[in-house]
Structures are given as C-alpha cells and as structure tokens.
Amino acid sequence: MSALFNFQSLLLVILLLICTCAYVHQIFPTILDRNKQGLMGIFWKAARVGERLSPYISLCCVFMAVSMFMGN
C-alpha cells in the first residue's frame, strides 16, 4: 500500500525526511542553506524542524519503532 493511504507509513516517511534533512544540514550546511526557497525549501524547513524539535522528533522515532516492533 502507498504511504499516502496508510497513516503510519506517512508518519514514518515524514520522520525519516526530518531526520535525514537534519543530519545532512549538520554535515553539509551550505547545501540546504542556499536553497531556502522553492521546492528545495521543503528540505531546509524539515532540517529546521529536526534541529529545533530534536527531543520530540527522537521520541516520535522511538514510539514509531516500538509500534512497528509490536505490530499493527
């Protein structure tokens, strides 16, 4: 099933996007900083969310992992 129609999969994709963008911004900050507008701005915004809300994002990742291990 597509991630758009399954809510748990959609949340997983969003969490992975936020975590990946925050990691890439930490390693290569100029890549995301020069693309703040347009379609690439989504990745810059996801990196900001990952940096500023990192404790909450990490808790969401832990809860998602536990829910995947326990089953649907």
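See the structure printed just above.
Quick summary incoming for the structure in this document. (Residues numbered from 1 in each chain as written. Predicted model: local features only at pLDDT ≥ 70, side-chain atom pairs only at ≥ 80, totals over all residues. Heavy atoms only, no water.)

1. Let's talk about helix α4 (residues 54-70)
Piece 1. Compared with an ideal rise of 1.5 Å per residue, which puts 17 residues at 24 Å, α4 spans 24 Å between its outermost C-alpha atoms and is within 8% of the ideal.
Piece 2. A positive backbone phi angle near 105 degrees is found at Gly-71, which sits one or two residues after α4. (Helix = DSSP H or I, 4+ residues; strand = E, 2+ residues; numbered from the N terminus. Expected span 1.5 Å × (residues − 1).)

2. Here's the deal with the packing of helix α1 (residues 7-27) against α4
Piece 1. Two numbers describe how α1 lies on α4: the axes approach to 11 Å, and their chain directions differ by 140 degrees. The angle between α1 and α4 falls in the class oblique. When the axes of α1 and α4 are compared, the crossing they make is left-handed. For the pair formed by α1 and α4, the contact residues are Gln-8, Leu-11, Leu-12, Leu-15, Ile-18 and Cys-19 on the first element and Ile-57, Cys-60, Cys-61, Met-64, Ser-67 and Met-68 on the second.
Piece 2. A per-class count over the contact of α1 with α4 returns ten nonpolar, two polar and no charged. (Axes fitted to C-alpha atoms, helices over the stretch in contact; angles between N-to-C directions. Parallel < 35°, antiparallel > 145°, perpendicular 65-115°, else oblique. Left-handed = near helix turned anticlockwise from the far one by under 90°. Contact = heavy atoms within 4.5 Å. Nonpolar A, V, L, I, M, F, W, Y, C, P; charged D, E, K, R; others polar.)

3. With respect to the pattern of salt bridges
Piece 1. As enumerated under the stated definition, the model contains two salt bridges in all.
Piece 2. The partner of Asp-33 in a salt bridge is Arg-48, with the nearest N and O atoms 3.8 Å apart. Taken together, the residues span a long stretch of sequence, with Asp-33 in helix α2 (residues 29-33) and Arg-48 in helix α3 (residues 41-52) at a distance of 15 residues.
Piece 3. Look at Asp-33 and you get partly exposed, because its relative accessible area is 30%.
Piece 4. Among the residues examined, Arg-48 registers a relative accessible area of 22% and is labelled partly exposed. (Salt bridge = Lys/Arg side-chain N within 4 Å of Asp/Glu carboxyl O. Buried < 20%, exposed > 50% of the residue type's maximum accessible area, 1.4 Å probe, protein only.)

4. Quick look at α3
Piece 1. Taking 1.5 Å of rise per residue, the twelve residues of α3 would be expected to cover 16 Å, and the 16 Å separating its terminal C-alpha atoms lies within 8% of that figure.
Piece 2. Those residues of α3 that fall on the buried side of the exposure criterion are Gly-41, Trp-44, Ala-46, Ala-47 and Gly-50.
Piece 3. On its buried side, α3 packs onto α1, α2 and α4.

Taken by themselves, the reported measurements are silent on function.
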